[in-house]
Amino acid sequence: MDDLLLEFLTETSEHLETVDVEMVRFEQDPNNQAILSNIFRLVHTIKGTCGFLGLPRLEALAHAAETLMGKFRDGMPVTTSAVSLILTTLDRIKDILGELERHGVEPQGADDDLIEALDRMSNAGAYVPEPVAHRAKPTTVGTLVHQVLERELKPGEVSLDELERAFQEAPGPDSEETSGTLVYQVLERALKPGEVSLDELERAFRDAPGPDQIAPAKPAVVAPPAQARPPQKAQGATEASEHGEGGEGVAGKVQTIRVNVDTLEHLMTMVSELVLTRNQLLEIARRNSEDYGYKVPLQRLSQVTAELQDGVMKTRMQPIGNAWQKLPRVVRDLSNELSKQIDLVMQGADTELDRQVLEVIKDPLTHMVRNSADHGIESPAERRAAGKPEKGVIRLNAYHEGGSITIEISDDGKGLNYAAIRKKAVERAIVSEVEIERMSDAQVGKFIFHPGFSTAAAVTSVSGRGVGMDVVKTNIELIGGTVDIRSEPGRGTTFTIKIPLTLAIVAALIVSSKDQRFAIPQVAVSELVRVSPASEHSIERINGTPILRLRERLLPIVPLSKVMRLSEIEDVDTGFVVVTQVAQQRFGILVDGVFHTEEIVVKPMSSKLRHIQLFSGNTILGDGAVVLIVDPNGLARMVGSGAQNNEFQNDVTLDQAIAAVEELTSLLVFRGGGNSLKAVPLSLVTRLEEIDASTIEWASGRPVVQYRGRLMPIVSCDEDLEVRRQGMQSLLVFSDGEISMGLAVAEIVDIVEDRLEVELLAERSDLVGSAVVRGKTTEIVNIAHYLPLVLETWSRTDQRAKQGNSLLLVDGSNFFRDMLVPVLKASGYRVHTAATAQDAARYLSSGAQPDFIVTDLELPGNSGFAFIATLRADTQYRSIPIIGLTLRPDPQLIALARRFKITEVVSKVDRRGLLSALAELSGSLEEAA
Amino acid sequence: MTMNAMNTVAIGTPKNFSREMEFITVTVARQLLGLPIGRVHDVFVVSEMTKVPLAQAEIAGLLNLRGRVVTAVSLRSRLGLEDDGKAGRRMAVGLENQGEAYGLLVDEVGEVLKLDPDEMQPNPVHMDRRWVNLSQGVHQLQGELMIVLDVDAVLAFGAERDPVQ
């Protein structure tokens with residue numbers, strides 16, 4: 001009996017899921033007979049099985065629901081309240097099933113409330129006069145009988161004949177019904193006067209004492225324990241017949257069997273082991289050159305094993321649609337509850353991913369859809385006022401991208417209220433008021449992932465309790481995924497989730513450090529560089545911190561042996577640098593050796609070791625050795641946390657780190673004259689050099705050095721510091737195209753990542769201002785100041801490029817404005833600046849006609865795009881070249897930029913990129929002229 | 001005593017003829033200790049072990065036991081003893097705790113003993129605290145004492161470890 005019950009439970013809950021979905025579909029498309037008959041059949045199956053297993057509560061509920069659905073089938077109009085009632089009934093059935101699963105018996109309780117409501121609804125439906133058209137339906141008595149026969153009587157069911165007999169014996173229809181009702185019903189069903197519908201008959205039958213004895217007696221006689229099958233067979237039969245007449249709806253079902261998950265997991269383990277053994281055999285075969293005739297079979301074995309592994313992996317894959325199944329119902333209920341009209345569009349439901357991953361993202365997805373419905377989509381009135389269609393759309397989209405799956409949840413609602421989030425963030429003391437003003441909208445949007453953060457004015461039953469989004473993020477990050485948010489006020493919000501295809505198998509690079517092997521997930525690795533002293537790529541140090549120059553960029557280096565505390569020796573200079581990219585962070589992992597890439601089966605870390613951030617799991621390699629999998633995210637965090645704090649960060653500081661990470665600027669700190677601390681954004685520096693001062697030549701009192709086959713002028717970073725004439729001289733090299741300049745400094749101190757809050761100093765042109773870096777007051781050097789000092793050539797070549805084009809620079813950040821203006825001016829542009837879109841608009845309305853506009857895309861108060869949109873709407877500025885600046889150019893942003901005909905999107909810190917973009921534009925202007 | 005013999009004994013379900021309890025004896029630093037047989041899955045020779053950098057000192061490394069990754073815990077370290085650093089044959093007792101597999105590294109594995117729980121005596125009052133925490137009591141055997149290890153206590157050590165010595 002237990003097995004039977006178990007099978008019933010799994011099967012029924014599956015049926016209920018389908019009914020849920022179908023019910024919502026049916027509500028939208030009440031004329032679709034195929035959907036209805038599908039629902040009807042499923043509920044009927046549930047009812048039948050319940051009766052067979054002796055579960056009276058479930059049976060009664062299912063019966064009442066079926067009766068009402070029968071009315072739908074007979075043409076009763078489908079109302080929202082009726083559908084809601086049926087859905088509520090299904091929920092009750094699910095509850096009872098849950099109890100049944102836990103305790104093995106049907107729980108005590110009464111469902112009279114629901115049954116009565118269902119009955120009332122069924123009966124009420126009968127009063128509704130039916131349009132005559134319905135009479136055209138060929139529902140004759142003949143069909144009725146045929147239907148029953150066709151379904152193959154299930155155990156517990158009785159034939160129509162018996163029913164009729166029962167009816168004769170029964171006292172009559174429910175007393176609360178008037179005979180009038182009956183007559184109407186009979187007429188509408190084209191039955192003979194005095195006859196009642198099948199449903200009525202069944203109910204009457206249930207009430208009557210006599211036949212009840214017949215029904216249970218029947219299975220007892222004909223149903224031995226093996227009766228577990230008949231319900232399925234019967235279902236199969238009906239399915240087939242429904243299929244024939246239904247036409248639409250149930251698409252050809254793939255033949256499936258149910259397999260216990262444990263069995264699959266076990267199979268997976270065994271296959272892994274088989275792979276290991278195979279690898280060992282291959283290894284032996286490699287060592288013995290002689291063929292004793294086993295090499296061919298071994299090849300075959302190897303091939304079969306690979307195919308087997310592939311096959312077993314496939315059994316773990318499931319379409320993502322399985323995780324979406326509940327969503328139509330959720331959205332439907334919500335739209336009723338919130339009186340909104342919402343369409344749920346699902347694309348890519350057949351995208352497959354690992355069962356394990358699916359389980360993890362199920363709840364977060366549901367939560368995000370609820371959020372979109374509750375917070376995102378506006379009420380119909382609001383939408384009308386905003387000029388949008390009354391019906392809002394929530395769109396789910398899933399697709400493969402590289403080794404990961406992207407899921408987008410977007411709505412066309414009101415978007416994030418950035419002002420409210422800013423206010424809330426300050427209220428909650430997550431950031432200071434000063435900080436929040438500096439943050440872009442995109443950064444502000446991230447706060448909704450902060451624990452306990454909700455801007456909903458009122459807490460609804462749906463959401464707004466401030467729990468959830470942080471859990472969503474945690475859950476997704478737990479499986480190595482990321483979640484991103486993009487929102488445009490008034491146009492909607494899109495969440496983008498990226499998750500790995502599978503947790504089970506990843507491609508990994510096997511590396512070694514101090515005789516120990518580690519695996520680094522391939523997705524994070526962008527390239528490998530062999531390093532050794534005196535070669536093209538050699539590790540250099542700034543205050544002991546290793547860095548690598550790679551294609552004109554400085555790459556921070558993390559020696560694996562050091563972070564793993566495998567060796568005491570700090571300065572290893574030979575080996576391989578695994579260039580790793582994690583989100584926006586790029587760094588190199590220095591290892592001793594690199595072996596090969598291997599598909600590894602990821603096993604979770606023991607709970608005792610999970611606190612070590614550096615590892616995401618472990619695996620067994622082909623040779624049987626256990627190897628730890630390095631977590632690039634964990635490493636990146638260690639790199640970011642820097643030297644001041646070697647402790648593992650806890651979650652709170654981590655969140656702050658994430659919030660602040662875009663505010664951080666990498667600074668190169670050095671000493672100038674009189675021991676003053678100075679700094680310059682690292683992104684501006686091309687190279688660091690230490691040269692023998694004796695190689696410095698003095699041409700008409702000015703120091704120059706031969707550098708890479710050219711003369712490079714040197715300038716001291718401040719008046720108190722003289723360029724050395726002997727010993728070693730440290731230089732910061734700034735290059736632009738073929739021209740370079742060396743800035744002589746007393747000593748290079750460190751590279752730090754810090755939040756840059758510059759206090760401006762007006763009186764000195766060599767400094768942008770001063771800032772507190774790592775707790776010490778540091779002067780931020782204005783590189784542009786030095787350019788004209790040393791480089792007549794610099795300005796001369798530049799002058800060739802431009803004809804004194806004028807340019808409007810719109811940027812909310814003082815710092816960037818002050819960094820860019822001198823550079824632009826030095827390149828010969830006439831620059832006008834504006835801090836806000838309003839300022840810019842004012843400037844333009846004063847009749848100014850700049851040749852180009854360079855604008856930050858994330859302007860304070862108003863999105864840069866909005867500014868550009870107004871410009872583009874104006875005939876005068878329809879075709880003015882615009883260069884967009886952003887901290888992080890991503891594909892979405894670029895796509896958006898293209899829509900607004902933005903000529904070029906350049907990273908804010910990429911000064912050279914901006915100049916070359918401008919130079920190109922100048923060129924095209926000239927051509928046009 | 002061969003490995004096979006050990007395995008058969010260990011895997012077989014303990015039969016309680018009387019109230020006697022069965023223990024597998026192990027030695028660490030010449031001290032005899034007993035593990036309740038019901039908790040022991042198997043006994044195996046440690047071949048290759050992967051060290052886990054940054055892990056707490058109790059964790060000796062990770063082992064591959066027939067395709068399963070097993071966390072090796074040093075009983076010496078749990079008892080506050082110096083690791084003798086001998087590279088020779090190392091034995092481990094396979095345990096399971098909360099669905100995870102552990103291998104308890106010991107110096108030697110002895111035999112199976114049937115003992116009457118009533119004869120177990122409480123820990124001597126002046127025993128090392130570390131030992132008291134891991135011990136359920138002491139059995140007096142002929143010529144030596146056997147400490148009954150509390151398997152859950154042995155495996156109950158957190159991520160944060162006490163300051164080193």
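Residues numbered from 1 in each chain as written. Chains lettered and ligands numbered in written order. Predicted model: local features only at pLDDT ≥ 70, side-chain atom pairs only at ≥ 80, totals over all residues.

Trainee: Tell me about the overall build of chain B, and please be specific about residues and values.
Mentor: Looking only at helices and strands, chain B features four helices and eleven strands. By residue count, 31% of the 165 residues in chain B fall in the buried class. Restricting to contacts in chain B with at least 6 residues of sequence separation, those with at least 24 account for 57%. (Helix = DSSP H or I, 4+ residues; strand = E, 2+ residues; numbered from the N terminus. Buried ≥ 20, exposed ≤ 12 C-beta atoms within 10 Å, placed from the backbone. Contact = placed C-beta atoms within 7 Å.)

Trainee: Give me the lowdown on the sheet that holds strand β10 (residues 135-140) of chain B, citing residues and values where you can.
Mentor: Residues and elements named next belong to chain B. Here five strands make up an open sheet; going across it, the order is β9-β1-β2-β11-β10 and the pairing mixed. The sheet terminates laterally at β9 (108-115) and β10, the two strands that pair on one side only. Direction aside, the axes of adjacent strands within the sheet are offset by 30° on average. (Pairing = 2+ DSSP bridges. Axes fitted to C-alpha atoms, helices over the stretch in contact; angles between N-to-C directions.)

Trainee: Give a detailed account of the pairing of strand β7 (residues 90-97) of chain B, specifying residues and quantitative values.
Mentor: All names here are of chain B. As paired strands, strand β3 (residues 40-46) and β7 are joined by six bridges and run antiparallel to one another. Opposite Asp42, over in β7, you have Gly94 as the bridge partner. Relative to strand β8 (residues 100-106), β7 is paired through seven bridges, and the arrangement is antiparallel. Note on β8: the bridge partner recorded for Val93 is Leu104. The turn linking β7 back onto β8 is made up of two residues, and Gln98 within it adopts a positive phi angle of 50°.

Trainee: Which residues make up the pairing of strand β15 (residues 585-591) of chain A, and what are the values?
Mentor: Residue and element names in this part refer to chain A. With five of seven residues buried, β15 lies mostly within the body of the structure. Pairing of strand β13 (residues 553-559) with β15, which is carried by three bridges, proceeds in the parallel orientation. Looking across to β15, one finds that Pro559 is bridged to Leu590. Summarising the sheet, strand β14 (residues 575-582) and β15 pair through seven bridges and their orientation is antiparallel. Along β15, the bridge assignment pairs Val578 with Ile589.

Trainee: Any details on the environment of Pro389 of chain A? Residues and values, ideally.
Mentor: All names here are of chain A. One can find Pro389 in the loop between α17 (380-385) and β4 (392-401). Assessed through the 12 C-beta atoms surrounding it within 10 Å, Pro389 is described here as exposed. For the pair formed by Pro389 and Gln341, sequence separation is 48 residues and the distance between their alpha carbons is 9.8 Å.

Trainee: Which residues make up helix α13 (residues 295-315) of chain A, and what values go with them?
Mentor: Its 21 residues give α13 of chain A an end-to-end C-alpha distance of 30 Å, which sits within 8% of 30 Å, the value for a rise of 1.5 Å per residue. Among the 21 residues in α13 of chain A, zero count as buried, and that is only a small part of the element. (Expected span 1.5 Å × (residues − 1).)

Trainee: Go over the sheet that holds strand β5 (residues 59-65) of chain B with me, naming the residues and quoting the values.
Mentor: Residue and element names in this part refer to chain B. In spatial order, the strands read β3-β7-β8-β6-β5-β4; together these six strands make up an open sheet with mixed pairing. Edge positions in the sheet fall to β3 and β4 (49-50), since each of these pairs with one other strand and no more. Looking at chain direction, β4 and β5 are connected through two bridges and run antiparallel. Note that in β5 the partner of Thr50 across the bridge is Leu62.

Trainee: Now, about the confidence of the model for chain A: what can you tell me, with residues and values included?
Mentor: Residues and elements named next belong to chain A. Mean pLDDT over chain A works out to 73, with 74% of the residues at or above the 70 mark. Under a pLDDT of 50 for its full length, residues 126-150 has, in the predicted model, 21 contacts with residues more than four places off or in other chains. Predicted confidence for residues 457-467 stays below pLDDT 50, and this span has 19 contacts to residues more than four positions away or in other chains. (pLDDT = per-residue confidence, 0-100.)

Trainee: Run through the packing of helix α15 (residues 327-338) of chain A against helix α16 (residues 355-376) of chain A, naming residues and quoting values.
Mentor: Residue and element names in this part refer to chain A. At a minimum axis distance of 10 Å, the contact between α15 and α16 shows a crossing angle of 25°. Comparing the axis directions of α15 and α16 gives the class roughly parallel. Here the hand of the crossing between α15 and α16 comes out right-handed. Residues Leu327, Val330, Val331, Leu334, Ser335 and Leu338 of α15 touch α16, and the partners they reach there are Thr366, Val369, Arg370, Ala373 and Asp374. Here the contact of α15 with α16 is built from residues that sort into seven nonpolar, two polar and two charged. (Parallel < 35°, antiparallel > 145°, perpendicular 65-115°, else oblique. Left-handed = near helix turned anticlockwise from the far one by under 90°. Nonpolar A, V, L, I, M, F, W, Y, C, P; charged D, E, K, R; others polar.)

Trainee: Give a detailed account of the interface of chain A and chain B, specifying residues and quantitative values.
Mentor: With 23 residues of chain A at the contact, the number on the chain B side is 16 residues. For the side of chain A that touches chain B, the element with the most residues is helix α12 (residues 261-287) of chain A, which contributes four residues. Considered class by class, the residues forming the side of chain A that touches chain B number eleven nonpolar, eight polar and four charged.

Trainee: Any chance you could break down unusual backbone geometry for me, citing the residues and the numbers?
Mentor: Positioned with a positive phi, Ser339 of chain A is a non-glycine residue whose angle comes to about 50°. Turning to its location among the elements, Ser339 of chain A is positioned in the loop between α15 and β2 (342-347). Positive phi is not limited to glycine here, since Leu54 of chain B has a value of about 70°. In this fold, Leu54 of chain B is placed in the loop between β4 and β5.

Trainee: An account of the nonpolar core is requested, with residue identities and associated values reported.
Mentor: In this structure, Ile520 of chain A together with Val93 and Leu104 of chain B are the most contacted members of the largest nonpolar core, which totals 79 residues. Setting aside its immediate chain neighbours within four residues, Leu104 of chain B contacts Val73, Leu75, Ala92, Val93, Leu95 and Val154 of chain B. If you look at the next biggest cluster of nonpolar residues, it comprises 70 residues, including Leu731, Ala771, Val810 and Ile868 of chain A. (Core = buried A, V, L, I, M, F, W, Y, C linked by C-beta atoms within 7 Å.)

Trainee: Account for the confidence of the model for chain B, with residues named and values stated.
Mentor: Residues and elements named next belong to chain B. Chain-level statistics for chain B give a pLDDT mean of 80 and a share of 81% at 70 or above. Averaged over each element, pLDDT in chain B is lowest for helix α1 (residues 3-11) (42) and highest for strand β2 (residues 31-36) (91). Per-residue pLDDT stays below 50 along residues 1-16; that stretch engages in 18 contacts with residues further than four places along the chain or on separate chains. As a predicted assembly, this complex carries a pTM of 0.44 together with an ipTM value of 0.82.

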